[in-house]
Amino acid sequence: MNKIEAYIESGIIESYVLGIAMPDEVIEVEKMAASHPQVREAINTFCESLELHAQINAVSPPVTIKPFLLATIDYTERLMGGEVPAFPPQLHTGSSIADYTEWINRSDMVLPAGFNEDYYAKIIGYTPEVTTAIIWIKDMAPAEVHD
């Protein structure tokens, strides 16, 4: 095994790519990669293997993540724009749609034009304990567990 192969096999490439190499090691690896194509190739190969591993083991997020993330951004922007925080009633066994009339009848409580996703959410109230939202669902809601 030559010096470059030993260097590549030492584990320094993996530490470098994973971001756990010491600062002096980073400088060393970058110098070695600049002057030795085998080192550059080893870096690229390890990066590609990590990406492949991530793709093979990827877990799709719940379908409600995107709409609630966008709803949180929208709610934050509305508050920054001067909307007064609201505290709608908490949902309980005796709740009815009439309890939420104030929010349902708001002019901004509509689907955006051209919206074609399965879910759309609009936050109408927030406390550290409870987030209340109106949700538009195209077909079926996924099963949820609330703690």
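Notes on the structure in this doc start here. (Residues numbered from 1 in each chain as written. Predicted model: local features only at pLDDT ≥ 70, side-chain atom pairs only at ≥ 80, totals over all residues. Heavy atoms only, no water.)

## A look at the packing of helix 3 (residues 23-35) against helix 4 (residues 37-56)
- Remark: helix 3 packs on helix 4, axes separated minimally by 5 Å, with the N-to-C direction vectors making an angle of 115 degrees. For the pair helix 3 and helix 4, contact is made by Val 29, Met 32, Ala 33 and Ser 35 and by Pro 37, Val 39, Arg 40 and Ile 43, respectively.
- Of the residues assigned to the contact of helix 3 with helix 4, the class counts are six nonpolar, one polar and one charged. (Axes fitted to C-alpha atoms, helices over the stretch in contact; angles between N-to-C directions. Helix = DSSP H or I, 4+ residues; strand = E, 2+ residues; numbered from the N terminus. Contact = heavy atoms within 4.5 Å. Nonpolar A, V, L, I, M, F, W, Y, C, P; charged D, E, K, R; others polar.)

## Here's the deal with the nonpolar core
- Counting residues in hydrophobic clusters, the biggest one holds twelve residues: Ile 4, Tyr 7, Ile 8, Ile 12, Ile 13, Val 29, Met 32, Ala 33, Val 39, Ala 42, Ile 43 and Phe 46.
- Of all the secondary structure elements, the ones that give two or more residues to this core are helix 1 (3-9), helix 2 (12-18), helix 3 and helix 4.
- Once residues lying within four places of it in the same chain are set aside, the contact partners of Phe 46 are Ile 13, Glu 14, Val 17 and Leu 18.
- Counting six residues, the second-largest nonpolar core is a separate cluster that includes Ala 86, Tyr 100, Met 109 and Ile 124. (Core = buried A, V, L, I, M, F, W, Y, C linked by side-chain atoms within 4.5 Å. Buried < 20%, exposed > 50% of the residue type's maximum accessible area, 1.4 Å probe, protein only.)

## A word on the pattern of salt bridges
- Following the criterion strictly, the structure yields six salt bridges and no others.
- Notably, a salt bridge pairs Glu 117 with Lys 66, separated by 3.9 Å at the nearest N-O pair. With a gap of 51 residues between them, Glu 117 in the loop between helix 6 (101-104) and strand 1 (119-126) and Lys 66 in helix 5 (residues 65-80) connect regions that are remote in the sequence.
- Where Arg 78 meets Asp 74, a salt bridge forms, and the shortest distance between an N and an O atom there is 2.6 Å. Residue Arg 78 and its partner Asp 74 are located together in helix 5, separated by four residues, close to a single helical turn. (Salt bridge = Lys/Arg side-chain N within 4 Å of Asp/Glu carboxyl O.)

## Let's talk about the packing of aromatic side chains
- For the structure shown, the criterion picks out two aromatic pairs.
- Summarising the aromatic geometry, the rings of Phe 115 and Tyr 120 are spaced 5.0 Å apart at their centres and angled 65 degrees between planes, so their arrangement reads as edge-to-face.
- Phe 115 gets classed as partly exposed once you look at its relative accessible area, which sits at 27%.
- Take Tyr 120: its relative accessible area is 16%, and that puts it in the buried class.
- With a centroid separation of 5.3 Å and an interplanar angle of 50 degrees, the aromatic rings of Tyr 120 and Trp 136 are classed as tilted. With Tyr 120 in strand 1 and Trp 136 in strand 2 (residues 131-137), this residue pair connects regions lying 16 residues apart in the sequence.
- Within the aromatic cluster, the residues linked to one another by ring pairs are Phe 115, Tyr 120 and Trp 136. (Phe/Tyr/Trp six-rings, centres within 6.5 Å; stacked < 30°, edge-to-face > 60°.)

Keep in mind these numbers describe shape, not what the thing actually does.
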